[in-house]
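Overview (structure and organization)
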Amino acid sequence: MGLTAAIFIARVRRRTGRGPTFSELFAELFPHDQLHPEWPPGLTYPVRATIHHAFRLHVAIQWKRGGWISWDPGVERSLRVGPTFRARSRARQAARAR
């Protein structure tokens, strides 16, 4: 999924010149019909929102640790591809040029 996230980020950056938001990234990768938990009864909206945010952050941090994506904390639309994606992309382009 980290590779898929990086591909989406690269496409958005190429098309718009800016990175997508985390909301746009996760909406693309996990449509509501695909990843929508059955919440336990009694959870309030703020609690559900906190869980949702924590999930996204956890996943994004794992992708960042893997080198697939990167971002600047506190900067909107700073999502960009990471060093692992760039290295694999360069290797793939070099292989195609042969």
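What comes next concerns the included structure. Each chain has its residues counted from 1, running along the sequence as written. Per-residue local features are limited, in this predicted model, to residues with pLDDT of at least 70; the limit for side-chain atom pairs, both in listing and counting, is 80 or more; totals at the level of whole chains, interfaces and linings are taken over all residues. Remark: hydrogens and water are excluded; side-chain values derive from all non-hydrogen atoms of the structure.

1. Comments concerning the overall build of the chain
Definition in use: Each helix is a run of DSSP H or I of at least 4 residues and each strand a run of E of at least 2, with the numbering of both proceeding from the N terminus. Each radius of gyration is computed over the set of C-alpha atoms, and the globule rule expresses the reference value as 2.2 Å times the number of residues to the power 0.38. Type-normalised accessible area, obtained with a 1.4 Å probe on protein chains alone, sets the label of each residue: buried when under 20%, exposed when over 50%, and partly exposed for intermediate values. Contacts are residue-level and defined by heavy atoms, with any inter-residue pair within 4.5 Å sufficient. Accessible areas in this description were obtained via Shrake-Rupley with a 1.4 Å probe; residue shielding takes into account the shown protein chains only. We count Lys and Arg on the positive side and Asp and Glu on the negative side, and we leave His and both chain ends out. One atom stands in for each charge, and that atom is NZ of Lys, CZ of Arg, CG of Asp or CD of Glu.
Along its length, the chain carries four helices and two strands. Whereas a compact globule of 98 residues would reach a radius of gyration of roughly 13 Å, the chain reaches 16 Å, over 25% beyond that. Reported as C-alpha extents along the three principal axes, the dimensions of the chain are approximately 60 × 25 × 25 Å. Counting only residues that meet the buried cut, the chain has 29% of its 98 residues in that class. Intrachain contacts of the chain at a sequence separation of at least 6 include 52% that bridge at least 24 residues. Carbon and sulfur atoms make up 56% of the accessible area of the chain, which amounts to about 7000 Å² in all. In the chain, 17 positive and 6 negative side-chain charges are present, and the distance between their average locations comes to 13 Å.

2. Looking at unusual backbone geometry
Here the phi dihedral of Arg 77 falls at roughly 60°; this positive angle occurs in a residue that is not glycine. Within the secondary structure layout, Arg 77 lies in the loop between strand S1 (69–70) and strand S2 (80–81).

3. Observations concerning the pattern of salt bridges
Here is the rule: A carboxyl oxygen of Asp or Glu within 4 Å of a side-chain nitrogen of Lys or Arg is what we treat as a salt bridge.
Across all of its chains, the model carries two salt bridges by this definition. Between Arg 77 and Glu 24 there is a salt bridge, with its nearest N and O atoms 3.0 Å apart. Taken together, the positions of Arg 77 in the loop between S1 and S2 and Glu 24 in helix H2 (residues 22–29) put the pair 53 residues apart, joining distant regions of the chain. Note on Arg 77: relative accessible area 24%, which makes it partly exposed.

4. Here's the deal with the packing of H2 against helix H3 (residues 45–65)
Inclusion rule: Note on geometry: axes are lines fitted to C-alpha atoms, helical ones only across the stretch in contact, with angles between N-to-C directions running from 0 to 180 degrees. By the definition adopted for this analysis, an angle is roughly parallel if under 35 degrees, roughly antiparallel if over 145, roughly perpendicular if from 65 to 115, and oblique otherwise. Ten residue types, Ala, Val, Leu, Ile, Met, Phe, Trp, Tyr, Cys and Pro, are classed as nonpolar, four, Asp, Glu, Lys and Arg, as charged, and the remainder, Gly among them, as polar.
Viewed as axis vectors pointing N to C, H2 and H3 meet at an angle of 90°, and their least axial separation amounts to 12 Å. Viewed along their axes, H2 and H3 adopt a mutual orientation that is roughly perpendicular. Here H2 contributes Phe 22, Ser 23, Leu 25, Phe 26 and Leu 29 to the contact with H3, which in turn contributes Arg 56, Val 59, Ala 60 and Trp 63. A per-class count over the contact of H2 with H3 returns seven nonpolar, one polar and one charged.

5. Details of the packing of aromatic side chains
For clarity, the cut-off: Between rings of Phe, Tyr and Trp, where Trp is taken as its six-membered ring, a pair exists when centres lie within 6.5 Å; planes separated by under 30 degrees are stacked, by over 60 edge-to-face, and by other angles tilted. Here, a charge over a ring means that NZ of Lys or CZ of Arg falls within 6 Å of the ring centre while also lying within 35 degrees of the ring normal.
All told, the structure shown has four aromatic pairs when counted by the stated rule. On the numbers, 5.2 Å between centres and 85° between planes, the contact of Phe 22 with Trp 71 is edge-to-face. Here Phe 22, found in helix H2, pairs with Trp 71, found in the loop between S1 and S2; they are 49 residues apart in sequence, far enough to count as distant. You can call Phe 22 partly exposed: its relative accessible area is 30%. We classify Trp 71 as buried; its relative accessible area is 12%. Clustering of aromatic rings is evident, with ring pairs tying together Phe 26, Phe 30, Phe 55 and Trp 63. Above the face of the Trp 71 ring, Lys 64 is positioned so that its terminal group lies 4.3 Å from the ring centre.

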